[in-house]
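Structure at a glance
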Amino acid sequence: MVKVGRGLDANVPQSPDMDRYSVMVARAKALVPALRERASRTEELRRLPPETERDLRDSGLFRILQPKRVGGSELDYVALVDCADALGQGDASVSWNFANLASHHWMLGMFAPEAQNAVWGENPDTLIASSFVFPAGRARKASGGYVLSGHWPFSSGVEACGWNMLASVVATDDEADGVEYRLFLLNRRDYSIDDTWNAAGLRGTGSNDVRVTDAFVPDHMTVAVSDLAGGATPGSVVNPNALYMLPVFSLFPYVLSGVGLGNAQACLDDYVEIARHRASTYNRAKIGDLQSTQIKIAEASAKIDAARLIMRTNCVEVLAEVRRGDIPSIAAKTKLRRDGAFAVNLCTEAVSLLFAASGARSLFTSGALQRQFRDAHAVNSHLAFNFDAAGTNYGRVALGLPSENLTL
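I will try to describe carefully the structure that is included in this document. Remember, it's a predicted structure, so these values are computed and weren't measured experimentally.

Examining the overall build of the chain
When helices and strands are tallied, the chain shows 11 helices and eight strands. For 408 residues, the compact-globule formula gives about 22 Å, and the C-alpha radius of gyration of the chain, at 21 Å, lands near that figure. Its C-alpha atoms give the chain principal-axis dimensions of roughly 75 × 45 × 40 Å. Looking at the chain residue by residue over its 408 residues, the buried ones come to 57%. Long-range contacts, defined here as pairs at least 24 residues apart, represent 75% of the contacts in the chain between residues at least 6 apart. Summed over its atoms, the accessible surface of the chain is roughly 16600 Å², and 53% of this surface lies on carbon and sulfur atoms. Taking the average location of the 41 positive side-chain charges in the chain and that of its 45 negative ones, the two points are 5 Å from each other.

In structure tokens:
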């Protein structure tokens, strides 16, 4: 497959783990042919095939951000974007589940050591699902912990997971002091799964619903969102790396932005390969000789390259800032959210441009383009990539108004 644009090899992290980083990106790239071959079956199953889950486990990709002390790679945060980018060039559904589940090892590293031991002490290779829809849950304080109930949508890859990280509002008798947001870590025995995932895009992610009824969650198995806003966390005592001091929800778009990036890159590469050899059905003119084709390749590749630069630069720079002992300001945090949404929107625009340029051939389900188009718009539908929401909050803070995003 012809590669157009800057690609993955430029500007790799300059850290002692650069060799390990290169190995993991190479492993992700090596899976692409198999993922493309399995893409139709993945959509039919509405979840990842067992062999794909096995490939991701055996490669160590799920554990790229997990602490080294429990066998993870503990790579720089940008590795999440780069590996998702690589896998997304095979199948966006696979990339989506990889990025989600890999990021939860990173987040668990910020929980209290007792929570980390409860999960990784039992099985350091276990997978953790999530749903960060705070209004979907309601928790109340109890002796030694919380009692949690709720019905959460969009728990991607949940069938393969032994644990779940669920977001909830904490209910109090008097909420005059404001609403508290917390994350709760539950074992598979404490929640049920509803098979609800029948979607037009990202069909293979198995993003089903989960339900919890009056589950007791000990104090050490929960963390306040305010503790994840940047700087030392409850997990810092055992994981001192700045990786585990990053502002989690400020970087939320970059957990998944590489998915849209890889999907768009694959769409561009496929389009270029076809345009090199295809002739028009009606007049037999070579598609690649048309100026309109050449311009669309230039525009789409520029959008994708710009998106990659934005994503990677922000991830590299924020980690460097935290390593210096600085915590991003609220203005910097809203910029991270703004840029994450903008970058993925660029990727979606590139795919839409190429889909429209491909004519009726793009409609056939035997080809990858229709899946790439559906997946691009499914990725873009995530709230983290809603530019109106991210842009509004950025503009508010720029104008001296308070942020409306309570997770920052």
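Having seen the structure, we can now continue with the description.
Description of helix α2 (residues 32-45)
Between its first and last C-alpha atoms α2 spans 19 Å; for 14 residues at 1.5 Å apiece the expected length is 20 Å, and the two agree. Maximal helix bending in α2 amounts to about 50 degrees, located at A39. Listed in full, the buried residues belonging to α2 are V32, L35, R38, A39, T42 and E43. Here the buried face of α2 lies against α1 (18-30), α3 (50-59), α4 (78-88), α5 (92-108) and α10 (369-380).

Description of the side chain of T42
Structurally, T42 can be placed in helix α2. According to the relative accessible area criterion, T42 is buried, its value standing at 1%. Residues in contact with T42, not counting those within four places in the same chain, are R47, L48, P49, D91, S93 and G204.

Description of the packing of aromatic side chains
Given two aromatic rings, their pairing is described by the distance between the two centres and the angle made by the two planes. Within the structure shown, the criterion is met by 10 aromatic pairs. Aromatic side chains F249 and F252 sit 5.6 Å apart centroid to centroid with 50 degrees between the ring planes, which places their arrangement in the tilted category. For F249, a relative accessible area of 4% corresponds to the buried category. Note that K141 overlies the ring of Y146, its terminal NZ or CZ placed 4.7 Å from the centroid. One cation-aromatic arrangement involves R338 over Y394; the distance from NZ or CZ to the ring centre is 4.5 Å.

Describing the state of the cysteines
Scanning the entire structure with this criterion turns up zero disulfides. We note that C83 lacks a disulfide partner, and the nearest cysteine sulfur, in C315, lies 12 Å from it.

What to know about the pairing of strand β2 (residues 137-142)
Sheet topology note: the β2/strand β3 (residues 145-155) ladder contains six bridges and is antiparallel. The residue of β3 that forms the bridge with A139 is L148. Linking two consecutive strands that pair antiparallel, namely β2 and β3, is a turn of two residues; a positive phi of about 80 degrees is found at G144 within it. Of the pairings in the sheet, the one linking β2 to strand β4 (residues 163-171) comprises three bridges and is parallel in character. Counted as the bridge partner of R140 is A171 from β4.

Remarks on unusual backbone geometry
One non-glycine residue, E74, lies in the positive phi region at around 50 degrees. The exposure class assigned to E74 is buried, which follows from its relative accessible area of 15%.

Description of the nonpolar core
Formed by 116 residues in total, the largest nonpolar core has its most connected members in L61, I64, Y77, F98, W106, L183 and L185. Here this core gets 11 residues from one element, more than from any other, and that element is helix α7 (residues 252-277). Apart from residues lying up to four places away in sequence, L183 is in contact with M107, F111, F132, F134, L166, A167, M221, T222, V223, L228 and F249.

Quick look at the side chain of T205
Examined against the element boundaries, T205 turns out to sit in the loop between β6 (192-194) and β7 (208-218). Looking at T205, the relative accessible area reads 1%, which means it is buried. Contact partners of T205, with chain neighbours within four places excluded, come to R46, R47, S93, W96, N97, S156, G157 and W197.

Let's talk about the packing of α4 against α5
At a minimum axis distance of 8 Å, the contact between α4 and α5 shows a crossing angle of 160 degrees. For the element pair α4 / α5, the angle class is roughly antiparallel. Crossing handedness for the pair α4 and α5: right-handed. Residues L80, C83, A84, L87 and G88 of α4 touch α5, and the partners they reach there are A92, S95, F98, A99, A102 and S103. Partitioning the contact of α4 with α5 into residue classes produces eight nonpolar, three polar and no charged.

Some points on the pairing of β4
The buried fraction of β4 amounts to eight of the nine residues, a majority that puts the element mostly inside the structure. Summarising the sheet, strand β1 (residues 128-131) and β4 pair through four bridges and their orientation is parallel. Bridge pairing in β4 places S130 opposite M165. Pairing between β4 and strand β5 (residues 180-187): eight bridges, direction antiparallel. Bridging from a neighbouring strand, S168 pairs with R182 of β5.

Scoring rules and cut-offs
Residues numbered from 1 in each chain as written. Predicted model: local features only at pLDDT ≥ 70, side-chain atom pairs only at ≥ 80, totals over all residues. Heavy atoms only, no water. Helix = DSSP H or I, 4+ residues; strand = E, 2+ residues; numbered from the N terminus. Rg over C-alpha atoms; globule rule 2.2 N^0.38 Å. Buried < 20%, exposed > 50% of the residue type's maximum accessible area, 1.4 Å probe, protein only. Contact = heavy atoms within 4.5 Å. Areas by Shrake-Rupley, 256 points an atom, 1.4 Å probe, with all protein chains shown as cover. Lys, Arg positive; Asp, Glu negative; His and termini not counted. Charge placed at Lys NZ, Arg CZ, Asp CG, Glu CD. Expected span 1.5 Å × (residues − 1). Bend = angle between axes of the 7 residues up to and from the residue. Phe/Tyr/Trp six-rings, centres within 6.5 Å; stacked < 30°, edge-to-face > 60°. Lys NZ or Arg CZ within 6 Å of the ring centre and 35° of its normal. Disulfide = S-S within 2.5 Å. Pairing = 2+ DSSP bridges. Core = buried A, V, L, I, M, F, W, Y, C linked by side-chain atoms within 4.5 Å. Axes fitted to C-alpha atoms, helices over the stretch in contact; angles between N-to-C directions. Parallel < 35°, antiparallel > 145°, perpendicular 65-115°, else oblique. Left-handed = near helix turned anticlockwise from the far one by under 90°. Nonpolar A, V, L, I, M, F, W, Y, C, P; charged D, E, K, R; others polar.

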